[in-house]
Amino acid sequence: MDPECAQLLPALCAVLVDPRQPVADDTCLEKLLDWFKTVTEGESSVVLLQEHPCLVELLSHVLKVQDLSSGVLSFSLRLAGTFAAQENCFQYLQVRSTPSSPCRETPACLWPRRPVSSWCTSWLCPCEVEPRGSPACRGVTGPRVPRRSWITLKSPCAPRPPPSSPVFSSSDGSLWETVARALSCLGPTHMGPLALGILKLEHCPQALRTQAFQVLLQPLACVLKATVQAPGPPGLLDGTADDATTVDTLLASKSSCAGLLCRTLAHLEELQPLPQRPSPWPQASLLGATVTVLRLCDGSAAPASSVGGHLCGTLAGCVRVQRAALDFLGTLSQGTGPQELVTQALAVLLECLESPGSSPTVLKKAFQATLRWLLSSPKTPGCSDLGPLIPQFLRELFPVLQKRLCHPCWEVRDSALEFLTQLSRHWGGQADFRCALLASEVPQLALQLLQDPESYVRASAVTAMGQLSSQGLHAPTSPEHAEARQSLFLELLHILSVDSEGFPRRAVMQVFTEWLRDGHADAAQDTEQFVATVLQAASRDLDWEVRAQGLELALVFLGQTLGPPRTHCPYAVALPEVAPAQPLTEALRALCHVGLFDFAFCALFDCDRPVAQKSCDLLLFLRDKIASYSSLREARGSPNTASAEATLPRWRAGEQAQPPGDQEPEAVLAMLRSLDLEGLRSTLAESSDHVEKSPQSLLQDMLATGGFLQGDEADCY
Amino acid sequence: MKLYCLSGHPTLPCNVLKFKSTTIMLDCGLDMTSTLNFLPLPLVQSPRLSNLPGWSLKDGNAFLDKTELIDLSTVDVILISNYHCMMALPYITEHTGFTGTVYATEPTVQIGRLLMEELVNFIERVPKAQSASLWKNKDIQRLLPSPLKDAVEVSTWRRCYTMQEVNSALSKIQLVGYSQKIELFGAVQVTPLSSGYALGSSNWIIQSHYEKVSYVSGSSLLTTHPQPMDQASLKNSDVLVLTGLTQIPTANPDGMVGEFCSNLALTVRNGGNVLVPCYPSGVIYDLLECLYQYIDSAGLSSVPLYFISPVANSSLEFSQIFAEWLCHNKQSKVYLPEPPFPHAELIQTNKLKHYPSIHGDFSNDFRQPCVVFTGHPSLRFGDVVHFMELWGKSSLNTVIFTEPDFSYLEALAPYQPLAMKCIYCPIDTRLNFIQVSKLLKEVQPLHVVCPEQYTQPPPAQSHRMDLMIDCQPPAMSYRRAEVLALPFKRRYEKIEIMPELADSLVPMEIKPGISLATVSAVLHTKDNKHLLQPPPRPAQPTSGKKRKRVSDDVPDCKVLKPLLSGSIPVEQFVQTLEKEAETLIQIEEDSTHIICDNDEMLRVRLRDLVLKFLQKF
């Protein structure tokens, strides 16, 4: 902690525990907490507490103060959790703090192996209940209960006199028992977040984990039960008794049903990729349930009970649930499952993509989920081709994609293009994919979309066409398409020069950079000409991102001319320096010829900081690279820098040398050495708001709200 | 109050409401699905169709008519809610002895006329050489192949009406404007309200002083071209008759428009033609507006759009002149001044061309690939038949069905085998069940009456409990040829009082704000209006002949005001009794003595009365 902050800290702590002092809004407290988190990551929490006794005081004080704002109380509890995350600090707090402090109240034997904070925060944050509202809580909580507090966990249990430390003070039984009781007491709306929090812990009793997982699965089990005709696959329904409150929530209203399902799906989605997720993971049942939810949403599911019938009516056309289910379905693609499940998932996705009723947002999610399923689909071992399922699927998918590329709604065209780009990026080399794509009209339609009236769509079309072209997929190979195959570069260059919107132009620059990097035919044919043309177009652009991308392209070209940038990782195997493809003078002449120096030096004085920063990095790289060739310095005595110095004012003014590339390489090099690039880099590294963002400023702001820093209060008048 | 249900088709309703001595027909839609039983009428000789074996081209166009549930000559008025729901009008006004008035808005009449004109034109321009009706005989019909042998009541099918009948029928229409109040025989008042579905489409309120019936037919809450729906005026109805909901409750019109555009673009890009069977008015305006924005963005500006109908020109022009009937957005364009619909610009830039038929100019201008809008959606008559024959053999072409009135598979049946692609994009902007349930919650009618189809999920999706009307109390359902007694009794009637009679009344205030008075008057009833007039002056009494008793007390009695309410003025009452009946009544704290000297009967009567009152306490 820097001394300025350390100096302000006691005053701040005093403000926080003083109920009369107005505390800045919750976001300030959140920022403060974030700052403490970074501080504790950097240094020992115990040392921090020892050096700043005001913190311990704050923690022990907050629970005693009446009428303290809920925000401050919540903040203090979470701060305690952050400190207590280190075991020695936990013990330090136990000894030092007053009897009412949170850590004091926790029996030492309950010290979980995992940091307290990780689970405190995990079930604190999502557990936003309003305890004042529910009658069950009133007896327990008293008037000054924070909105998010541990107390909410035990609120539905038997009323007790207001405890000083809500969760840890339970006299009967352990912490885990309290949590287990909370889990069984809370309603379906609040159980989910708690269950998720429990399951995210790696070390907690198996019985509790099992209970939590059942709670989490409850809503999907209900859905599955309401729709399966025959007993479904084992796993999800096993041991999940019909929970009346869950069913009630599902049936109560459209919003409560959708809300519960969306939350459940999101929790499961969060849990799925974690290593500590429950095992065995009921992949098949979850997939079945998700597919069922999607079928309920599109109205095609057949209900097996009155609950099912009701769900049918409630969920039909419910876009919110559809989106959540598609997200989760996409996540489920990461699990291994039998072939038939893949078929099922792909079928429901295809229906969703096909259905005229699917809204643009649903279609976007459906495309994303389809992509994940396709890319994770099992491949035939030892065969480079896609599995047996995929070719058939692609044959059905491409007509749908064609239709979506013609959709009047631009969002749909946009997501379809993004999907196409991603799919061809991964599968561009697969024969089955190439075959299906070239047999369809998708490439022509994508090409057509370069002229779309919507700039986002044009940008996506540029990216898609760039990707297709990289893999030779942008037009059929038949002779009548020869012209189309050749003219793409010119078409993209045209967009770069004349498009009125920034997005398509940025996309073109990205495509060109990719092309240069991958040795695309259009770029490789005459690389210097290609780079010169592109840089010239980019240098005139008003959009800083286009110019920054131009520098990216320049960097790629530099790497290709002078050898790749050195890796900075100290453990990387040091590769022998690759001999440059051509002598240095030649290389530098090429750089001058394409106008790279012009471009880079102009960018160095760019009014947009990121561009200048990037240019600075590029020139530093160039300087270091050249320094490794000592020969050049030996060869020449004092180079004539006059021409370059003459150009300097023009660069500052943002003008290009006319014609470009008329500098002498030696002059440029001298210029390069004479500039204080390091100094420039550190100046540029500081953002314009770096003062405002500092923790010191945050502390000052908070104190100012409390009126502490106003030394002369009388002089206002 | 009774409702006679003459049509079982929920979107082509025809109901008769008997309400307060008036007989009101609500809509007269024409169910044309029976035409699907016939072969198409080709515009040019079709060897394929004429060479079909068996019952070819013998009988033409007959339509289902009403059952004789009610004598249609007794119908006083017909209320039309939109142009699709008036297509049976000539059958009712011309051949049933109907002498009443038809009420409809101006756009309804004008566009309805166009639809009828088109229909008559389609039928009359291909006259049939022969006609057959023997097959309608039940014994023969039984032998016909399905589905013809299963068709019900073929004997009631009628030939298409003539233009003369159309004109005569339309001459009986009186034009009305939204919210205009129309008195019917003084008994009820009817008012059309904007329903948001089509140009000039209306819902109707039929009300007396104390009862209100709302008739909701073909309404839409979507923002398309017509004026938005007036929901507020439907509040406080005793009965709400609900018809004309969307025929495709699972299809979202926006999604379908998207589907329409995508398929159109894909076909045209490949050099194929697109055929859109449609009515000459309605959704076509929205489709053209959508294409106006879409074709440029899809790079299809050079593809010609053709609109072929005998009434194409009038339809496109009429749409531009009914500004006051359009949505706000379009109305405000008129003041710029700009045409409210962008199809004017499409016509100006030659992107959209319209022709009365395929003959004449069209054949000179015809360029492919193209998009053709033409009728009739049943594919049984009109220019569409020609295009089906022309384009059906190529898989490059596409027919896109947007009108939901006909099953597209049945419509296509006589053209099979078909190589062209068929896309079904039904666009029905009428209310869906979610919107209905919101509407009913909003306007809270006491009773809802609707076709039976709306009270259960569609047969193909029996599990979709959301696809039915859900309200409390449950909706009363009707089916064709049913008579429904509507579930409420009339309780009050408004009666007016002549000023001089009102002047003579002496009201007595019985509690603050409420006064009563007795009236003796003559009730005069004429044209369903009731009027209280002063009673005729009594004839001068002939001198004392009938008088029982000559008494001086009579004037005293007259002083007494008739007792309307409140407690009895006891002393006065006792005194009067003493004078009138020679009765002595002594009232004390805990007893009452009644003494009648001569009249034992009177005494007993008075005693019983007192006892009776005692029991009440």
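The rules we used
Residues numbered from 1 in each chain as written. Chains lettered and ligands numbered in written order. Predicted model: local features only at pLDDT ≥ 70, side-chain atom pairs only at ≥ 80, totals over all residues. Heavy atoms only, no water. Salt bridge = Lys/Arg side-chain N within 4 Å of Asp/Glu carboxyl O. Buried < 20%, exposed > 50% of the residue type's maximum accessible area, 1.4 Å probe, protein only. Helix = DSSP H or I, 4+ residues; strand = E, 2+ residues; numbered from the N terminus. Pairing = 2+ DSSP bridges. Contact = heavy atoms within 4.5 Å. Axes fitted to C-alpha atoms, helices over the stretch in contact; angles between N-to-C directions. Parallel < 35°, antiparallel > 145°, perpendicular 65-115°, else oblique. Left-handed = near helix turned anticlockwise from the far one by under 90°. Nonpolar A, V, L, I, M, F, W, Y, C, P; charged D, E, K, R; others polar. Patch = residues over 30% accessible without salt bridge, like charges linked within 9 Å, V, L, I, M, F, W, Y side chains within 5 Å. Areas by Shrake-Rupley, 256 points an atom, 1.4 Å probe, with all protein chains shown as cover. Phe/Tyr/Trp six-rings, centres within 6.5 Å; stacked < 30°, edge-to-face > 60°. Expected span 1.5 Å × (residues − 1). Buried area = accessible area lost by both parts, 1.4 Å probe. pLDDT = per-residue confidence, 0-100. Lys, Arg positive; Asp, Glu negative; His and termini not counted. Polar contact = N/O pair within 3.5 Å; in protein donor to acceptor, adjacent residues only side chain to side chain.

Remarks on the pattern of salt bridges
Applying the stated criterion to the full structure yields 33 salt bridges over all chains. A single network of salt bridges, built from pairs that share partners, joins E514, R517, E552 and K614 of chain A.

With respect to the pairing of strand β15 (residues 305-308) of chain B
Residues and elements named next belong to chain B. Neither face of β15 is exposed, since L305 and F307 on one face and Y306 and I308 on the opposite face are all buried. In this sheet, strand β16 (residues 352-355) lies alongside β15 in parallel orientation, the contact comprising four bridges. In the strand pairing of β16, I308 is matched with Y355. In this sheet, strand β17 (residues 371-374) lies alongside β15 in parallel orientation, the contact comprising four bridges. Bridge pairing in β17 links F307 to F373.

Topic: the environment of D327 of chain A
All names here are of chain A. Along the chain, D327 falls in helix α18 (residues 319-332). Through-space distance from the C-alpha of D327 to that of H407 is 23 Å; in sequence the pair is 80 residues apart. Contacts of D327, omitting those with residues within four sequence positions, involve E269 and K365.

A short note on the packing of helix α12 (residues 188-200) of chain A against helix α13 (residues 206-227) of chain A
All names here are of chain A. Packing of α12 against α13 brings their axes to within 9 Å, and their N-to-C directions diverge by 140°. Between α12 and α13, the interaxial angle falls into the category oblique. Helix-helix and strand crossings are classified by hand; for α12 and α13 the assignment is left-handed. The residues of α13 that touch α12, namely those facing M191, G192, A195, I198 and L199, are L208, R209, A212, F213, V215 and L216. A class-by-class count of the residues in the contact of α12 with α13 yields nine nonpolar, one polar and one charged.

Observations regarding a nonpolar patch on the surface
Residues and elements named next belong to chain B. A contiguous nonpolar patch, built from I568, V570, F573 and I587 and spanning about 370 Å² of accessible area, is present on the exposed surface. Structurally, I568 is set in the loop between α16 (554-559) and α17 (570-581). Judged by relative accessible area, I568 falls into the partly exposed class, the value being 46%.

What about the packing of aromatic side chains?
Residue and element names in this part refer to chain B. This structure, assessed with the given rule, holds 30 aromatic pairs over all chains. With a centroid separation of 5.6 Å and 55° between ring planes, the pair formed by Y210 and Y492 is classed as tilted. In this pair, Y210 sits in the loop between β11 (202-207) and β12 (212-217) while Y492 sits in the loop between β22 (482-485) and β23 (495-497), placing the two residues 282 residues apart along the sequence. For the pair Y306 and F362, a centre-to-centre distance of 5.1 Å together with 90° between the ring planes defines the contact as edge-to-face. Within this pair, whereas Y306 is found in strand β15, its partner F362 is found in helix α11 (residues 361-365), the two being separated by 56 residues in sequence. In this pair, the class of Y306 matches that of F362, namely buried. An aromatic cluster is present here, built from Y306, Y355, F362, F366, F387 and W391 joined pairwise through their rings.

What to know about α18 of chain A
One turn of the α-helix equals 3.6 residues, which is why residues spaced by three or four share an orientation. Residues and elements named next belong to chain A. Its 14 residues give α18 an end-to-end C-alpha distance of 20 Å, which sits within 8% of 20 Å, the value for a rise of 1.5 Å per residue. The element α18 is largely enclosed, with a buried count of 10 among its 14 residues. Taken residue by residue, α18 has V321, Q322, A324, A325, L326, F328, L329, G330, T331 and L332 as its buried positions. Residues of α18 that are buried in the fold lie against α15 (254-271), α16 (283-297), α17 (306-315), α19 (339-354) and α20 (360-376).

Considering the sheet that holds strand β26 (residues 522-526) of chain B
Residue and element names in this part refer to chain B. Pairing in this open sheet of three strands is mixed, and the strands run β23-β27-β26 from one edge to the other. The outermost strands of the open sheet, each flanked by one partner alone, are β23 and β26. Each strand of the sheet is rotated relative to its neighbour by a mean of 30°, with strand direction disregarded.

Considering the interface of chain B and chain A
The interface of chain B with chain A comprises 21 residues on the first partner and 23 residues on the second. Taken together, the two surfaces of chain B and chain A that pack against each other cover about 1,700 Å², and 59% of this comes from carbon and sulfur. There are one salt bridge connecting chain B and chain A. Here E259 of chain B ties to K403 of chain A by a salt bridge, and the two come within 2.5 Å at their closest N and O atoms. The element that contributes the greatest number of residues to the side of chain B that touches chain A is helix α6 (residues 253-269) of chain B, accounting for 11 residues.

Remarks on the confidence of the model for chain A
Across chain A, the average pLDDT comes to 77, with 74% of residues at 70 or higher. A low-confidence stretch, residues 103-172 of chain A (pLDDT under 50), is modelled with 135 contacts involving residues beyond four sequence positions or located in other chains.

Focus: the side chain of D286 of chain B
Residue and element names in this part refer to chain B. Following the sequence through the fold, D286 ends up in helix α7 (residues 283-297). Of the side chains bearing the opposite charge, K330 lies closest to the buried D286, which forms no salt bridge; the N-O distance is 6.4 Å. Reaching out from D286, the side chain makes a polar contact with the side chain of H225 at a distance of 2.9 Å. Contacts of D286, omitting those with residues within four sequence positions, involve T224 and H225.

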